[in-house]
Amino acid sequence: MQFIFEKLKNSTLFSLFTVCAVFMSFNFSFSQTDSLHLKTGDLLVGELKEMKENVATFETDYSKNDFKIKWVEIKKIKTKTLYLVSLSSGIRYTGYLESIDDEEVGVIFKNDTLAKTEIKEIVFLRKLDQDFWSNLNASLSVGYNFTKANNLSQYSVRSNLGYRSKNWSASTSYNHIISSQQDVSKTQRLEANLVYKNYIKNKWFGLAEINWLSNTAQNINLRTLSKLGMGKYLVQTNSLYWGLQTGASFNNESFSLDGVDSSNDSAELFFGTEANLYDIGDLSFLSRVVVYPSLTESGRWRTDFNFDIKYDLPFDFYINFGLSYNYDNQPIQSGREKDYVFQTTLGWSL
């Protein structure tokens, strides 16, 4: 009898252990409940981390690396993850995503359907339970050129750091070029900025920005430009955004004349436009133009122009081709009206 009892006891424990193991395995397998039905017929189950620039990042238990999926290749979607959802109309929602049919996706929160939209009209997704570090994005690229004939060497570095929250974003950039050549004075150019945007409604945003420029070609020791204004995105899709901005700025410039340091203050208006095209394979284009008509210096106006081509490489590396152009119709004495620089750098982004 004792033998039978022990066998029954062991059998019962084994059964309980087996049931618990199966339950834990079942629970683990389905703890990540986001699912994507692709137009190819494939089904992915896991975690939808984010979607930006028409590319969704999806994590599964059975793949070492995250999947990168074009957003327009998704036919149906269902998530249990809470997202900040941005539509091409500029409207933002907080909710879950669930396909209603092959054409529409619902944004759902607390059993209420906040919106119904085509999947292609969703232009940005970000998990709301991400920690601080997950909201950061950063990139760093460097370049070096050397010509033996005249001992010309050029070093350049470009970097960006940004943080995006639900209703605001902040970013900073640093771009520095140093050129040295035999029997020629060393030249350098430094550009940096700090940008804050507060997103309002209907694609409008408030803008606060500080720019710094140091440029030996234009005899600018340091130009500090403080800007305050408003902007609006005219187009915001999964392949392109284009926006306008305007406001007022205060310009402080320091320079050297005959070895004597001097400075100049002026007030300006600014009018700018920026466009980013990114759904063209591994290429993306970014262009920005800002015009500054002076309010306190009669007839003076300035222009800043930037154009970047980025080619994505494996493992988050990229090659960047950049052009920066500055024009001032009333430059500082002994400074040039215009200056431009072309850069080729190799970088890595986070």
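Residues numbered from 1 in each chain as written. Predicted model: local features only at pLDDT ≥ 70, side-chain atom pairs only at ≥ 80, totals over all residues. Heavy atoms only, no water.

As for the pattern of salt bridges
Stated formally: Within this document, salt bridges are pairs made up of a side-chain nitrogen of Lys or Arg and a carboxyl oxygen of Asp or Glu, the two lying within 4 Å of each other. The numbering of helices and of strands both runs from the N terminus, where a helix is a DSSP run of H or I of at least 4 residues and a strand a run of E of at least 2. Buried, partly exposed and exposed residues are distinguished by accessible area as a fraction of the type maximum, computed with a 1.4 Å probe on protein chains only: under 20%, between the cut-offs, and over 50%, respectively.
Taken as a whole and judged by the stated rule, the model has 16 salt bridges. The partner of R158 in a salt bridge is D308, with the nearest N and O atoms 2.4 Å apart. Placement of R158 in strand β12 (residues 152-164) and of D308 in strand β20 (residues 301-312) is noted, with a sequence separation of 150 residues between them. Of the charged contacts in the structure, one is a salt bridge between R189 and E191, with a shortest N-O distance of 3.6 Å. What makes E191 buried here is its relative accessible area of 17%. Through salt bridges with shared partners, a single network forms among R223, E253, E297, R300 and D328.

A few points about the pairing of strand β13 (residues 168-181)
Quick note on the threshold: The pairing criterion for strands is at least two bridges between them, as found by DSSP.
Here β12 runs beside β13; their pairing, made up of 12 bridges, is antiparallel. By the bridge assignment for β13, G162 is matched with S171. Alignment of β13 against strand β14 (residues 184-199), held across 13 bridges, turns out to be antiparallel. Paired with S173 across the two strands is N193, which belongs to β14. Counted along the chain from β13 to the antiparallel partner β14, the turn is two residues long, and its residue D183 has a positive phi close to 65°.

A closer look at the layout of surface pockets
As a reminder, the rule being used: Site definitions follow a grid-based scheme: protein atoms alone, a 1 Å grid, a 1.4 Å probe that fits but cannot get out for cavities, and for pockets an open set with protein on both sides within 12 Å along at least five of seven lines, plus lining residues having an atom within 4 Å of a point. Grid points are joined across faces, edges and corners, and a volume is the space filled by probe spheres set on the points. Residues were grouped as follows: Ala, Val, Leu, Ile, Met, Phe, Trp, Tyr, Cys and Pro as nonpolar; Asp, Glu, Lys and Arg as charged; and all remaining residues, including Gly, as polar.
Taken as a whole, the second largest pocket spans an internal volume of roughly 340 Å³. Lining the second largest pocket are 14 residues, with T187, T216, A217, R336 and D339 sitting closest to its centre. For the lining of the second largest pocket, the secondary-structure elements that each account for two or more residues are β13, β14 and β22 (338-349). The element best represented in the lining of the second largest pocket is β22, accounting for four residues. Looking at the lining of the second largest pocket, its residues break down into four nonpolar, six polar and four charged.

A short note on empty space enclosed by the protein
This structure, assessed with the given rule, holds four cavities of 30 Å³ or more. Here the largest cavity is characterised by a volume of approximately 50 Å³. In terms of lining, the largest cavity is formed by K197, F205, Y233, Y241, G243, L244, Q245 and E274. Per-element tally for the lining of the largest cavity: the top contributor is strand β17 (residues 240-257), with four residues. Class assignment for the residues of the lining of the largest cavity results in four nonpolar, two polar and two charged.

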